[in-house]
Amino acid sequence: SSVLHHHPSKPLTRLKAAKYIFLTLNQALANSVFVIAAGSIGFYYIEEMTVVDSFYFTTVLLTSVGYGDIVPVTAAGKIFTTVFIIVAGTILLHNMTLISMIPLELRKRRIEHAVLGQFGDHLTDDELRELSTGT
């Protein structure tokens, strides 16, 4: 689903494109902050790390640097780390997907506008389906 819904019959202005880019990057940033905060809080309480160490360990873990200077020592910490890296890794991969799809989404919107500009903006769903699939 798109961060910014766009009606294909309306032109994609630079402002709308910039808004789409901004909202997409904002969502990715919010997801990343949430993941880092969740990891930091988890390690702070479960492993009884300091605030700095829990933040540091979370970022080292997420970037897969893994210096090995701080490691989980409790069974609960090891389980949390395992589950956290799977969930957090999935969220961060989703962020990369969101960001990498920006140029493709903008191109798709420009093409939709160009097609509707040729055929008018009063196409029915059936007519649009016929144009896009050839059936």
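For the structure, check the block above.
This section reports on the structure supplied with the text. This structure is a prediction, so every number in the text was calculated from the model and none was measured.

Attention now moves to the pattern of salt bridges. Enumeration over the complete set of coordinates arrives at 2 salt bridges. K108 serves as the salt-bridge partner of E105, at 3.7 Å between the closest nitrogen and oxygen. Here the residue E105 and the residue K108 both occupy positions in helix α4 (residues 102–119), the gap between them amounting to 3 residues, near one helical turn. Here E105 and R109 are joined by a salt bridge, their closest N and O atoms 2.8 Å apart. Within this pair, E105 and its partner R109 are both found in helix α4, separated by 4 residues, close to a single helical turn.

Our focus in this paragraph is unusual backbone geometry. With a phi close to 55 degrees, E48 is a non-glycine residue in the positive phi region. Note on placement: E48 falls in the loop between α1 (14–46) and α2 (51–62). Its relative accessible area of 71% is what places E48 among the exposed residues. Its identity is not glycine, yet S64 carries a phi of approximately 55 degrees, on the positive side. Topologically, S64 is positioned in the loop between α2 and α3 (75–100). Exposure remark for S64: the relative accessible area of 64% places this residue in the exposed category.

Time to look at a nonpolar patch on the surface. A cluster of nonpolar side chains, I41, Y44, Y45, I46 and V51, forms an exposed patch at the surface whose accessible area comes to about 510 Å². No other element matches the 4 residues that α1 contributes to the nonpolar patch. With respect to the helices and strands, V51 occurs in helix α2. With relative accessibility at 57%, the residue V51 sits in the exposed group.

Tracing the backbone shows T81 in helix α3. With relative accessibility at 10%, the residue T81 sits in the buried group.

Reading the values: rules and limits
- Residues numbered from 1 in each chain as written.
- Predicted model: local features only at pLDDT ≥ 70, side-chain atom pairs only at ≥ 80, totals over all residues.
- Heavy atoms only, no water.
- Salt bridge = Lys/Arg side-chain N within 4 Å of Asp/Glu carboxyl O.
- Helix = DSSP H or I, 4+ residues; strand = E, 2+ residues; numbered from the N terminus.
- Buried < 20%, exposed > 50% of the residue type's maximum accessible area, 1.4 Å probe, protein only.
- Patch = residues over 30% accessible without salt bridge, like charges linked within 9 Å, V, L, I, M, F, W, Y side chains within 5 Å.
- Areas by Shrake-Rupley, 256 points an atom, 1.4 Å probe, with all protein chains shown as cover.

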